[in-house]
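# Inside the fold
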Amino acid sequence: MRSHSPPQPYQALLALARSRPRLYRWRVGILSAIGYGYIAIVGLAFAAAGSGIFAALLYGVWTRHPALPDGGQEFTAALVLFAAFTVAFWVVAILIARAFWITLPKPKGVRLRRAVAPQLFALLREVGGSVGVGRLRHVIVTTGFDTYIYRQPRLGGLLPPADTLVIGLPVLQALSVTQLRVLLLRELASLACQRRQVGSPWVSWQGVVWQNLAPVDFLFDGMLRWYRPLFNQHVRVMARQEADAADAIAARQADPTILGHVLLLTEMLKRYHRICYQKLIKQAERQPHPPTDGLCQWRTDTCTAPPPEVQERWWHELLSADDDSHPPSLPTRLTQLGSASVFWQRFQFGDVTERAADQLLGAYHLQLTQELNRLWYMDIAPDWAKRYDYIKTVNGIEGKILEVPLTVDEIWQLAEWHLNEEDFRHGRQLLEQCLRLEPLHGPANFTLGKILLVEGNSQGVPYLEQAMTVDAQWFDPACRLLIEFFAVEGDKAQAQDYAARLQQHHRQLEQAQQERNKLHSTPLIPCP
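Below, the structure is looked at part by part. Quick caveat, the model's predicted, so the values are computed rather than measured. (Residues numbered from 1 in each chain as written. Predicted model: local features only at pLDDT ≥ 70, side-chain atom pairs only at ≥ 80, totals over all residues. Heavy atoms only, no water.)

Moving on to the overall build of the protein chain. Summing up its helical and strand segments, the protein chain has 21 helices and 4 strands in all. In the protein chain, which comprises 528 residues, the proportion classed as buried is 41%. For the protein chain, the proportion of contacts with a sequence separation of at least 24, taken over those separated by at least 6, is 72%. Of the roughly 29200 Å² of accessible surface on the protein chain, 57% is carried by carbon and sulfur atoms. (Helix = DSSP H or I, 4+ residues; strand = E, 2+ residues; numbered from the N terminus. Buried < 20%, exposed > 50% of the residue type's maximum accessible area, 1.4 Å probe, protein only. Contact = heavy atoms within 4.5 Å. Areas by Shrake-Rupley, 256 points an atom, 1.4 Å probe, with all protein chains shown as cover.)

With that out of the way, let us pick up the packing of aromatic side chains. Per the counting criterion, the structure on display carries 17 aromatic pairs. Seen from their ring centres, Y36 and W202 are 5.5 Å apart, and the 85° between their planes marks the pair as edge-to-face. Pair noted here: Y36 is in helix α2 (residues 21-63) and W202 is in helix α7 (residues 202-212), with a separation of 166 residues, a long-range link. Overall, W202 belongs to the partly exposed group, its relative accessible area being 21%. (Phe/Tyr/Trp six-rings, centres within 6.5 Å; stacked < 30°, edge-to-face > 60°.)

Relative to the elements of secondary structure, Y388 occurs in helix α15 (residues 364-400). Apart from residues no more than four positions distant in its own chain, Y388 is found in contact with A284, R286, Q287 and P288.

This part covers the pairing of strand β2 (residues 138-142). Most of β2 sits inside the fold, with 4 of its 5 residues counted as buried. By the bridge criterion, 3 bridges tie strand β1 (residues 110-112) to β2 in an arrangement that is antiparallel. Across the sheet, residue R111 finds its bridge partner in β2, namely I140. Sheet analysis places β2 next to strand β4 (residues 159-168), joined by 5 bridges and oriented parallel. Considered in β4, the bridge of V139 is made with L165. (Pairing = 2+ DSSP bridges.)

Geometry only, nothing functional implied.
Here's what the structure looks like:
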């Protein structure tokens, strides 16, 4: 098989993107066009083959070509064979063409109208004009603590996307208008950078196209082995470069000190809101239905700042993030704006007296909160009921501990529960108890091995090996964990050994799939 050179290292591509951004945008656009062109050529080839067979069939029937039987059953069989080939080729061509129809899941929330929030839309028009993206006509308010631009495909991607601002109500309730303006400035600057990319937004949608090709992905295996890692590496660098450029644009429009403070504040608030939301979800331990005013309770819990020691722990977690990641780690972004340590030393939550939700939404704020409460209740109610029933089952199992010995399945359920609740000490003890009763329990072996490897303990290797042996579904994830562990430990030989085993496993799966395809294509009753 023909070998392909590995993708260029991340740092080399990032240096090229920073030194020659225009050239790099064209490079990514051309690479994306190669992928789309290859898909289109394969689709056209199948469509042409199907059309050619169909034309040959019509010509043969019309002219009574000598190659066709004179009549009877043989003539009918020949027609059926030609028609089957025609349909098969056309079906493949249609599936490939269907892959280009882009659909993305829409954010769940309330779409704002300009009439109910004119001040918010005026702020968007002002900020959008300052970075050259114009005004956004669509705004969706959600229950989460997030802010981003959703590029909604129109007519399957044939028309330019409808750019929509998605913003969480907790963001509007936590920030002042000045802080919100800076945050919007950063997001719209990111949109401006995306629009400058050659082939935007189809570059970012190519992953969706490959997912849509799943029914016929065997036709593209040869290309994907070298193209997908190369393309993903280029897109990752492009996204990192766009993030850096958006920060730079926002820093020029606003004071870098204010931008740095807002970035740090939103990150801390996001973490704090996540903890408060988990506290809200814990009510499922006591009541079968979620509260109808869940968002109001959530907001009440977040009105006070988290303890200083918690903030310090979050900051150290941020410092340990990978600087070469996308999006870039927050300390890296703060360093580009000044000094990360200085930003942290000056940071404080502070009290916002005039919140953006009250200033920009006015009287509609209360109605919007009620509507989002209703949507949140309807969305979470089924999972809430399942969690309540699960907790009830777990409590019943724990009540049996002193009365009768637990089964392996019951011990595994308890271990799952404690691990999900981040009670790793008790969960680990239950996993060990489960494996003492059933050493070949695949999920318990995998979970305990993963916990040990995360702790840097090589004793997790035998557990993962056992999981790979007893159940094939754990082979891929366990092998990847072992490759990553030995790579971090500096044992390249072991990492390469597991990488080779993983490749061999994938080849065996492909061969097995090919054998199944051959079996399905073979008629149950052979023709005479």
